[in-house]
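# Architecture at a glance
Here are the chains, one letter per residue:
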Amino acid sequence: MRVRDRPRTSPASRLILRASPGRLLALTALALVGGLVTAVSAVALQRLVDAIVGSGSGLAVGGYAAAIVAATLLGAGAPEVDRYLQGQIGRIAGAQIVGRLYERVGQETGVDRLEDPGYQDRLTLAGDAAAMAPQLLLRGALGLATAAVTAGSLTVVLLGVAWPLAVLALAGAIPVMAIEFRLARLNVSMLGRLAPIRRRREAYRSLICNPVAGKELRLFGLGDFFRHRMLADLDLANRHERDLERTTLRMQLIAAGVVGAMVVAAVGVVARGAAAGGTSAGQVVAVVTAFGGLTAALTGAVQALGQLRSGQQLVGAVDGICAPAAVVETPARPAAPLRQAVRLEDVWFRYRPDLPWILQGISLTIPAGGSVALVGLNGAGKSTLVKLLCRLYEPTRGRITWDGVDLPALDPVSLRDRIGAVFQDFATYDLTAAQNVGVGRLDHLDDRPRILDAIRRAHIERELAALPRGLDTMLSRLFFRDPEEVDDADTPLVLSGGQWQRVALARMLMRADCDLLLLDEPSSGLDAKAEHDLHRAVADTMIGGARVLISHRLSTVRHAQRIYVLAGGRVAESGSHRELMNSPGGRYAELFSLQAAGYADPDDDALEGAAAVPAQAG
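## Description of the side chain of Asp515
Along the chain, the position of Asp515 falls in the loop between helix H14 (497-509) and strand E9 (516-520). Apart from the residues lying within four places of it in its own chain, the contact partners of Asp515 are Pro337, Leu338, Trp402, Arg418, Gly545 and Ala546.

## Describing helix H12 (residues 448-457)
Within the span of H12, buried status applies to Ile451, Ala454 and Ile455. One side of H12 holds all its buried residues, which, seen down the axis, span an arc of 100°. Phi turns positive one or two residues past the end of H12, at His459, with a value near 55°.

## Details of the pattern of salt bridges
Scanning all chains against the criterion turns up 19 salt bridges. Between Arg391 and Glu394 there is a salt bridge; the shortest N-O distance is 2.5 Å. Overall, the relative accessible area of 34% leaves Glu394 in the partly exposed class. Residue Arg457 is joined to Asp453 by a salt bridge in which the shortest nitrogen-to-oxygen separation is 3.0 Å. Here Arg457 pairs with Asp453, and both are found in helix H12, just 4 residues apart, close to one helical turn. With a relative accessible area of 27%, Arg457 lands in the partly exposed category. Connected via shared salt-bridge partners are Asp417, Arg441, Arg450 and Asp513.

## Quick word on the environment of Arg352
Note that Arg352 resides in the loop between strand E3 (341-349) and strand E4 (359-367). For the pair Arg352 and Thr396, spaced 44 residues apart in sequence, the C-alpha separation works out to 9.4 Å. Engagement of the side chain of Arg352 in a polar contact is seen with the side chain of Asp354, the distance being 3.0 Å.

## Notes on the packing of aromatic side chains
Tallied over the full model, the rule gives 7 aromatic pairs. Judged by centre distance (5.3 Å) and plane angle (80°), the rings of Trp348 and Trp357 are edge-to-face. Taken together, Tyr204, Phe225 and Phe226 form an aromatic cluster joined through their ring pairs. The ring of Trp357 is capped by Arg350, whose NZ or CZ atom sits 4.1 Å from the centre of that ring. Of note, Arg397 hangs over the ring of Trp348, and the distance from its end group to the ring centre comes to 5.1 Å.

Conventions we followed
- All residue numbers here refer to positions counted from 1 along the written sequence of the relevant chain.
- Residues qualify for local features only when their pLDDT is at least 70, as the model is predicted, and side-chain atom pairs are given and counted only at 80 or more; totals for whole chains, interfaces and linings, by contrast, use all residues.
- Note that the side-chain values use all heavy atoms of the structure and ignore hydrogens as well as water.
- Only DSSP runs of H or I reaching four residues or more are called helices, and only runs of E reaching two or more are called strands; each is numbered from the N terminus.
- We call two residues contacting when some pair of their heavy atoms lies within 4.5 Å.
- Think of it in three bands: residues with accessible area under 20% of the maximum for their type are buried, residues over 50% are exposed, and the middle band is partly exposed, with areas taken using a 1.4 Å probe on protein chains only.
- This arc is taken over the directions from the axis of the helix to the C-beta atoms.
- Counted as salt bridges are all cases of a side-chain nitrogen of Lys or Arg within 4 Å of a carboxyl oxygen of Asp or Glu.
- Residues adjacent in sequence count toward polar contacts only when both atoms are side-chain atoms; beyond that, a polar contact is any pair of N or O atoms within 3.5 Å, and within protein one must be able to donate a hydrogen and the other to accept it.
- Pairing of aromatic rings covers Phe, Tyr and Trp, the last through its six-membered ring, and needs centres within 6.5 Å; plane angles under 30 degrees mean stacked, over 60 mean edge-to-face, and all others mean tilted.
- Each ring is checked for a lysine NZ or an arginine CZ that lies within 6 Å of its centre and within 35 degrees of its normal; such an atom marks a charge sitting over the ring.

In structure tokens:
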């Protein structure tokens, strides 16, 4: 396998350029024509004044006046058309950048980067950039083009009348340029500083408004606690922005002072020339108009360069997410049907180098068509092992193989297509009941018979059929079914925890043909009957597929062909239920006996003692 550096390009910039070529061409033409307006006005005004003072012909006066009117109208209308076209291109490019950005996020093989606060901050900045960068780049590039044409044409006018003023204007633009560049860097730096603050603030806002968290917030009186934290972050962000605004005001006043000094100097030069009789009235008007326009054009060019620089830096934030530093040239193999086994060979894992080991030298085999159970106390590493099997993380040491092939050598999409799972922290989607099940197989999202069969096998059909709109009922308290049509009669709702768990099971059963099934505490929220139905459904459906079951209820794993007992990230013992129960002093036998004791005769001493405690009044 060979890795090569990806060339440093800007995919986001290319998206902006290709968003709407026709509109971009029109904008460019408008910018170039707009750049000539001030120069045309200055020359026409000079000729008009000289014609009037010199008693020129009415035709000449009318022609010069018409040229001034046309230039004025063009100058007045061009910015509005420019703003409209920039808005159109910006929206198209922004949508494409957002699409590319989150497509790249979805292409991450695992979830480890999503758990990195630094990555989340960069993702927040990139999301802001998707909205801001197109407009900044367009305004910067087109503003620079307009300013360049304006400055060039007005410099020609000034050189023909008072060349020192052209030199003065160009010299004065240097400090203004330095100021604008500095402000551009400060603005982008501010966005990076505000990203984590905004994320925290949004997290607190979401907690305050979330109906699930709302139960604890009200029970424990946490509303003010999180509101104060949200407001503290808001105040911190406001202080950063106030500091930037003060710096911006101070530096822009300095820039305005430089421009003002140039204008005063220009007026002095022109006035002296007029007093000496070497400058005509028309030339005075032309010089004042041209110098003012040149100064404005140079200032505009500097501002455009600042916007261009800011846009490029923001585009860099998008490219930092979308364009990884290296690409793997060896193509991944598609995962073949599981014929032999999935094996973990001396697997070690920890989430970060500075954190303790979660798994320490795990070796076990999941045979094709066989059933394996993982048991152990909380923190033993059971759920982490499931995440490794799904390639949500890579082992720190050791390897996992699929019929002898290392998992990293397999295409993750094709691999996961052969895996079904119900996670302990399963997702609940703000979708309809049918969609919540159907997303288990996106290519069968509209396959109602298959969805109904999965629902029936998960024993949730009666509850879902009783919903106001049956399977088309929105399972959410946050959204209506159709975002375009608010239907108060169709009040969104959610299910109970056990019902949601069976919906998650039905989602997994959409993959009844998968090769490997992972069940991480699938019955933790179910009653005894629902738990029995779940395991019967899995046994009936997953004939021929390998199964891995994690459960704290050891009665549910006793029929597994092999049970692995994890302790401290290691395999403490393994065997069948009978073998483990016959192992003297074994962990499994101890845990099983402890759970079985909970079903002891209610007349035993402990329960009698508890029952003898009198009820408290009230």
